[in-house]
Structures are given as C-alpha cells and as structure tokens.
Amino acid sequence: MRSKLLLALAALAAVALGTARPALADNNATGSIGAVQAGSVGVSPSVGASQSGVAAAASAPVSVGSTNNTASNSVGVVQTGAVKATPAASGGIAGNTASVSAPTMIGEGGSNTASNSVGAAQVGGGNSSTGSVGAAQVGATQTSPVVGASLLGSAASAAATAGTGGGGNTVSDSVGAAQLGGGNTVTSSFLAAQSGAIMAGADAGAGGTTVSTPAAVGGSGGNFASDSLGTVQIGGGNNSMAGSVGTVQVGSGGATPSPGGGGGGGGGGGGPGVAGLSPVLPLSPASVAGAPTPNRATAQAPSGPRRPFGAANVPSGAPRLLGQLPFTGLALLLFAVLGLALLAAGSSIRARMSAYA
C-alpha cells in the first residue's frame, strides 16, 4: 500500500514538472526602503459607436514588459520595465474618414539594478545605479504619430518619427545624473546629463506628392563622463570626459529633405528614412471590441489624373456613381422629383389666388 502511494506521488510530481510554465520575471528589494518595482502589466481600454452611417472608435492599449528589477541597500528607488502604448482613434461618415495613432515605446527590456543608492528612477530596463544619489535613467525611446484623412475618394496623411538610441545606462558613485536613450556611463561625477543618438523624421503626402525630411544628431555608441562636474553630452559617440568642469558635447548631425511625387503616397509609406525607426500606420477600429469598421485613411495617396472638384470622385474598383449633385454626392433624381412637386404646388396656389381675385 505504501509503495503504491509513493508511486502515485511520483507520477503526480512528474506531470507537474512536465507541464510547469517558465517562471515570470521577479522583483527583488533587499535591505531597501521605499522601493517601487513594476512587473508585467497590460491594459487595453477601448470604446466605439456607430449610428446612422456615423462611426467612431478609440483605443489606448498600454503594457509594461516583464523584467528583473533589483534594489539592494537603497532608499527611494523606482524601477519599471519597457513601456509600450498605442493610442488610436478614428471616425467616419458616408465614406469620409479620419484617423490618428501615436505608437510610443520606452526601453528595450533587460534588468534594472540599484545598489547602495538614494533616489534612483529607472525606466525601460538595462539601467544600473551603484553608490549614487539622484540618478534618473530612461532607456531607448521612440514615438511615431500618424494622421490621415480621406474625403471624396482622395487621401492625405502625415507621419513623424522621433527617438533616441538604445542600450543600457550606468551610474556609479555620482550625484545628480540624468541619462536618456541608453549607452551612457557616468562615474564619480556631479551633475551629468547624457542623451544617446537622436533621430527624427517626417513624411507628408497628398494628391500624389510626398515630402520626407529625416534628421539625426550623433552617431553610434554612448557617452562617457568620469570625475567631472556639470557635464552635458548629447547625441552619443562623444569623446570621454574625464576630470572636466562645465563641458558640453554634441554629436554630429544632419538633415536631408527629400521631395517626391507621382505615384508616391502620404506619410507612413516606408517611414522618414531614419535608420531603425519607422512610423506605424493608424490602427484599424476593427481591433476595438464592438466598434464599427469605417474606411480609414490610407497612407498611400491615390495616383492618376486629377479630376475637377465636384466631379463624381470614387476609388478605383468601386462602382461608378451616376446622377449625383456636384459637391454633395446626393441622388439627383430625388431632388428633381421634389422640384417638380414644389413647382406643381406653386402653380396650383397661384391659380386659386387668381380665381379669388
């Protein structure tokens, strides 16, 4: 009997181990006071409405990535993993639509570590603070807002992309360090501000014409400052600052506007040409639970010969609309019948007034 019980327990243990899922990332605050650590979190609020040919939808999903946050022998530490948000909204009436979205990302994951530190704030993962006071560290950032509109079969859109380089940030034995974008290092310094490579760009398109303007500041690599006072470094790839006071360094930069035309479309059609960054097209309201699905503006403006304003303007492949009033798209037959009815009523009233006279 006892042997059977042992065999049953062994079988249950084997099944449990065989079906166990990987452990989620853990937060650890040993010997610390006032530590705030955020693990994996996700929310997706949304709303939608549709009535009488009018549709609208909005959503704002936000998620915090899983990471290992560690705080040891520290006071007042805040740590969180990569943060992603994708707010979007769209609306439409009678085939005319407008939409907007703004995908944003902070950090690329990894672990945040703070030891023997006071007042450390770490966002995005890959940050380390040791023996420091007042260290603020934020990983790589990227945002790509996109807007689009469609009216009478024609489309226009615009997109912008901005971000900073990736990697981790490191602060040790320093006071008042602010690091943005990753790949930055501060050692035994007082009041140091560092930002990784900055990339930005914009696209706009309408009526078959597009314009793209990419720009960048700084190259690859991070910034390094040691035994310094009042150091500011922007752009990444700056030379090492050691034993300096009141030094400012800015990486190389440039911008190359690029107009286009013909078959090109609006923003979002391939991005502003900045390496590593690409705008995201507007979200479809179909992803919103219970929301309608109006035709959203596309990032590709229609090509081909332009039509006079007021002519029947329909997308390619759609059935041609006949008998419409210019500028309105309303059925011409209905207004013709209504006009004849009003004319007949006016003639009848005039005849009666003549008879009384």
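Right above here is the structure, for reference.
Since this is a predicted model, take the numbers as computed values, not measurements. (Residues numbered from 1 in each chain as written. Predicted model: local features only at pLDDT ≥ 70, side-chain atom pairs only at ≥ 80, totals over all residues. Heavy atoms only, no water.)

### Regarding the pairing of strand E7 (residues 69-72)
(1) Moving on: Side chains Asn-69 and Ala-71 project from E7 onto a buried face, and the interleaved Thr-70 and Ser-72 project onto a face without burial.
(2) Moving on: Judged from the four bridges that link them, strand E1 (residues 27-30) and E7 form a sheet pairing that is parallel. In the strand pairing of E7, Asn-28 is matched with Thr-70.
(3) Moving on: Of the strand pairs in this sheet, E7 and strand E13 (residues 112-115) are connected by four bridges, and their pairing is parallel. Bridging from a neighbouring strand, Ser-72 pairs with Ser-115 of E13. (Buried < 20%, exposed > 50% of the residue type's maximum accessible area, 1.4 Å probe, protein only. Helix = DSSP H or I, 4+ residues; strand = E, 2+ residues; numbered from the N terminus. Pairing = 2+ DSSP bridges.)

### Thoughts on the sheet that holds strand E23 (residues 190-195)
(1) Moving on: A sheet is described by the order of its strands in space; here eight strands give the open sequence E2-E8-E14-E16-E21-E23-E27-E29, paired in parallel fashion. Looking at the sheet topology across the chains shown, the edges are occupied by strand E2 (33-38) and strand E29 (245-250). Direction aside, the axes of adjacent strands within the sheet are offset by 0 degrees on average.
(2) Moving on: Where strand E21 (residues 175-180) meets E23, five bridges bridge the pair, whose relative direction is parallel. Bridging across to E23, Val-175 finds its partner in Phe-190. (Axes fitted to C-alpha atoms, helices over the stretch in contact; angles between N-to-C directions.)

### Some words on the side chain of Asn-169
(1) Moving on: Here Asn-169 lies in strand E20 (residues 169-172).
(2) Moving on: A relative accessible area of 0% means that Asn-169 is categorised as buried.
(3) Moving on: The residues contacting Asn-169, other than those within four sequence positions of it, are Gly-126, Asn-127, Ser-128, Gln-137, Val-138, Gly-139, Gln-179, Gly-182, Gly-183 and Asn-184. (Contact = heavy atoms within 4.5 Å.)

### Here's the deal with the sheet that holds E13
(1) Moving on: On the basis of which strands lie adjacent, the open sheet formed by eight strands has the order E1-E7-E13-E15-E20-E22-E26-E28 and parallel pairing. On the outer flanks of this sheet lie E1 and strand E28 (241-242), each paired with one strand and no other.

### Some remarks on the environment of Ser-50
(1) Moving on: Of note, Ser-50 is situated in strand E4 (residues 46-51).
(2) Moving on: Along the primary structure Ser-50 and Gly-91 are separated by 41 residues, whereas in three dimensions their C-alpha atoms are 9.6 Å apart.

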